[in-house]
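# Coordinates in review
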Amino acid sequence: MNQYQTVTDSDVILRDGTIKLHGPEGFEGMRRAGKLAAEILDALAPLVKPGVTTATLDDVVRQLTIEGGAVPATLGYRGYAHSSCISINHVVCHGIPSEKTLKDGDIVNIDVTPLLDGWHGDSSRMYLVGDVPLKARKLVDVTYECLMLGIAQAKPGNRIGDIGAAIQRHAESQRYGVVREFCGHGVGRLFHDAPEVVHAARAGTGPVLKPGMFFTIEPMINLGRPPVKLLEDGWTAVTRDRSLSAQFEHSIGITEDGCEIFTASPQGLHKPPY
């Protein structure tokens with residue numbers, strides 16, 4: 001059973017299973033970190049095109065993160081050697097940047113987390129490469145809708161399960177699969193913390209949402225069945241049936257009457273086409 005812990009900017013924050021409740025200083029820190037994450041994803045929009053390598057995009061992420069006064073939280077995290085995760089087509093999440101080039105028709109998720117003044121701005125977004133087939137574009141659209149339907153349930157008095165139930169209901173109405181192996185998570189001064197935010201759940205279950213909670217919502221939706229498998233590199237997760245997968249992620253904070261999206265796009269580039 002999760003416990004709640006009210007924290008201040010000067011507290012030592014431990015990954016101890018408690019759900020942290022933050023005050024105004026936490027909201028301000030997350031606004032700055034989230035804005036930088038969104039600005040980085042905005043800047044990538046014109047660069048994601050056929051012939052570009054994912055390593056090149058990762059270099060841009062690293063440069064923009066540092067120029068923004070932050071460091072990439074993923075760089076060195078559990079031995080990870082890159083500044084972003086870039087997942088193409090049937091890669092569900094944690095795709096490793098490489099010399100692989102993007103091809104016409106690809107769909108791509110780019111996940112960034114700048115660590116700015118001790119706060120993590122965690123966000124990901126889908127990009128369309130060239131002329132993308134209709135079924136892939138629909139998957140991307142529905143995945144974004146899933147994210148926003150989940151966010152609509154993020155308000156005081158609701159429960160974590162209400163978020164997952166809304167996402168699952170919409171995805172499965174389109175006969176898509178909702179990934180179970182990965183979930184959203186508490187975020188703030190820790191990269192990954194309580195609570196876990198599952199994207200397929202029963203309404204009315206899980207911890208109660210309270211003002212000051214910070215967490216990500218990041219549904220991974222498959223064109224085919226839900227199961228995924230992990231590749232030998234220990235990071236890359238792919239759909240077992242090789243079907244396409246899409247994901248969007250926002251970091252949010254629960255307010256007195258709803259929630260605040262910390263990672264909203266300053267340029268209004270929330271979903272493709274950009």
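Residues numbered from 1 in each chain as written. Predicted model: local features only at pLDDT ≥ 70, side-chain atom pairs only at ≥ 80, totals over all residues. Heavy atoms only, no water.

## Here's the deal with the confidence of the model for the protein
It should be kept in mind that the predicted coordinates are not to be read in detail where pLDDT is low. Definition in use: Each residue gets a pLDDT score, which is the predictor's confidence in that residue and runs from 0 to 100. Helix and strand definitions here come from DSSP, where helices need a minimum of 4 consecutive H or I residues and strands a minimum of 2 consecutive E residues; each element is numbered from the N-terminal end.
Residue-level pLDDT values for the protein average 97, and 100% of them are 70 or greater. At the low end of the mean pLDDT range in the protein sits strand S1 (residues 4-6), at 96; at the high end sits strand S17 (residues 245-247), at 99.

## Thoughts on the nonpolar core
Convention followed: Put simply, a nonpolar core is a bunch of buried Ala, Val, Leu, Ile, Met, Phe, Trp, Tyr and Cys residues held in one set by side-chain atoms that sit within 4.5 Å of each other. Burial here depends on accessible area, computed with a 1.4 Å probe over protein chains only, as a share of the maximum for the residue type. Under 20% is buried, over 50% is exposed, and the range in between is partly exposed. The criterion used for residue contact is that any of the two residues' heavy atoms lie within 4.5 Å.
Within the largest apolar cluster, 34 residues are counted, with the highest numbers of intra-cluster contacts made by Ile107, Ile163, Phe215, Ile217 and Ile221. Of all the elements in the fold, those that place two or more residues in this core are strand S2 (19-21), strand S9 (123-128), helix H3 (134-152), helix H4 (160-173), strand S12 (193-197), strand S13 (214-217) and strand S18 (250-254). Per-element tally for this core: the top contributor is H3, with eight residues. Other than its neighbours up to four places away in sequence, Ile217 contacts Leu147, Gly150, Ile151, Ile163, Ile167, Val197, His199, Phe248, Glu249, His250 and Ile252. Among the nonpolar cores identified, the runner-up in size contains 29 residues, and Val48, Val61, Ile110 and Val112 belong to it.

## Details of the pattern of salt bridges
When the charged atoms of two side chains lie near each other, side chains of opposite charge can form a pair. Quick reminder of the rule: By definition, a salt bridge exists where a carboxyl oxygen of Asp or Glu is found within 4 Å of a side-chain nitrogen of Lys or Arg.
On inspection of all chains with the given rule, the structure shows 12 salt bridges. Of the charged contacts in the structure, one is a salt bridge between Arg62 and Asp59, with a shortest N-O distance of 2.5 Å. Highlighted residues: Arg62 and Asp59, both in helix H2 (residues 54-67), separated by three residues, approximately one helical turn.

## Thoughts on the sheet that holds strand S15 (residues 228-230)
What counts here: In short, DSSP must find at least two bridges between two strands for them to pair. Here an angle of 0 to 180 degrees is reported between the N-to-C directions of two axes, which are lines fitted to C-alpha atoms, with helices fitted over the stretch in contact.
Taken in spatial order, the three strands make up an open sheet running S5-S16-S15, and their pairing is antiparallel. Edge positions in the sheet fall to strand S5 (91-93) and S15, since each has one partner strand and no second. Strand-to-strand twist in this sheet, taken as the mean axis angle between neighbours without regard to direction, amounts to 40°. With three bridges connecting them, S15 and strand S16 (residues 237-239) associate as antiparallel partners. By the bridge assignment, Lys229 is partnered in S16 with Val238.

## Some remarks on the environment of Gln174
For Gln174, the location among the structural elements is in the loop between H4 and strand S10 (177-178). Once residues within four sequence positions are removed from consideration, Gln174 is found in contact with Lys138 and Val142.

## Some details on the packing of aromatic side chains
Stated precisely, the cut-off is as follows: Centres within 6.5 Å are what make two rings of Phe, Tyr or Trp a pair, Trp counting through its six-membered ring; a difference in plane orientation under 30 degrees is then read as stacked, over 60 as edge-to-face, and the rest as tilted.
Evaluation of the coordinates by the stated rule reveals eight aromatic pairs. Between Phe27 and Phe214, the aromatic rings sit 4.9 Å apart at their centres with planes inclined by 85°, giving edge-to-face as the arrangement. With Phe27 in helix H1 (residues 24-44) and Phe214 in strand S13, this pair connects stretches of sequence that are 187 residues apart. Both residues of the pair, Phe27 and Phe214, count as buried. Measuring from centroid to centroid gives 5.2 Å for Phe214 and Phe262, while their planes differ by 85°, and the two rings are edge-to-face. Within this pair, whereas Phe214 is found in strand S13, its partner Phe262 is found in the segment after strand S19 (259-261), the two being separated by 48 residues in sequence. As far as the burial class goes, Phe214 and Phe262 line up, both buried.

## Comments concerning the side chain of Thr18
The condition that has to hold: N or O atoms closer than or at 3.5 Å make up a polar contact, with two conditions inside protein: a donor-capable atom paired with an acceptor-capable one, and, for residues adjacent in sequence, both atoms drawn from side chains.
Of note, Thr18 is situated in the loop between S1 and S2. Its relative accessible area of 14% is what places Thr18 among the buried residues. Looking at Thr18, its side chain comes within polar contact range of the side chain of Gln5, at 2.9 Å. Of the polar contacts made by the side chain of Thr18, one reaches the side chain of Asp16; its length is 2.6 Å. In this structure, Thr18 is in contact with Gln3, Gln5, Asp193 and Ala194, ignoring residues within four places of it in sequence.

## What about the sheet that holds S9?
Read across the open sheet, the three strands follow the order S4-S6-S9; overall the sheet is antiparallel. The open sheet terminates on both sides in strands that have one partner only, identified here as strand S4 (85-88) and S9. Averaged over neighbouring strand pairs, the angle between their axes works out to 20° when direction is ignored. In the sheet, strand S6 (residues 107-112) pairs with S9 via six bridges, with the strands oriented antiparallel. Paired with Val108 across the strands is Tyr127, a residue of S9. Across the sheet, H1 is in contact with S6 and S9; its angle to S9 comes to roughly 10°. Where H2 meets the sheet, it contacts S4 and S6, and its direction lies at approximately 150° from that of S4.

## Quick look at the packing of H3 against H4
Under the convention used in this document: Every angle not falling under 35 degrees, over 145, or within 65 to 115 is termed oblique; those three ranges are roughly parallel, roughly antiparallel and roughly perpendicular. Note on convention: near helix rotated counterclockwise from far helix by under a right angle means a left-handed crossing. Clockwise means right-handed. Polarity classes work like this: nonpolar for Ala, Val, Leu, Ile, Met, Phe, Trp, Tyr, Cys and Pro, charged for Asp, Glu, Lys and Arg, and polar for all others, with Gly in that last group.
In the contact formed by H3 and H4, the axes pass within 8 Å of each other and the chain directions differ by 155°. In terms of orientation, H3 and H4 fall into the roughly antiparallel class. When the axes of H3 and H4 are compared, the crossing they make is right-handed. Facing H3, whose interface residues are Val142, Glu145, Cys146, Leu149 and Gly150, H4 presents Ile163, Ala166, Ile167, His170 and Ala171. Its residues assigned to classes, the contact of H3 with H4 comprises seven nonpolar, two polar and one charged.

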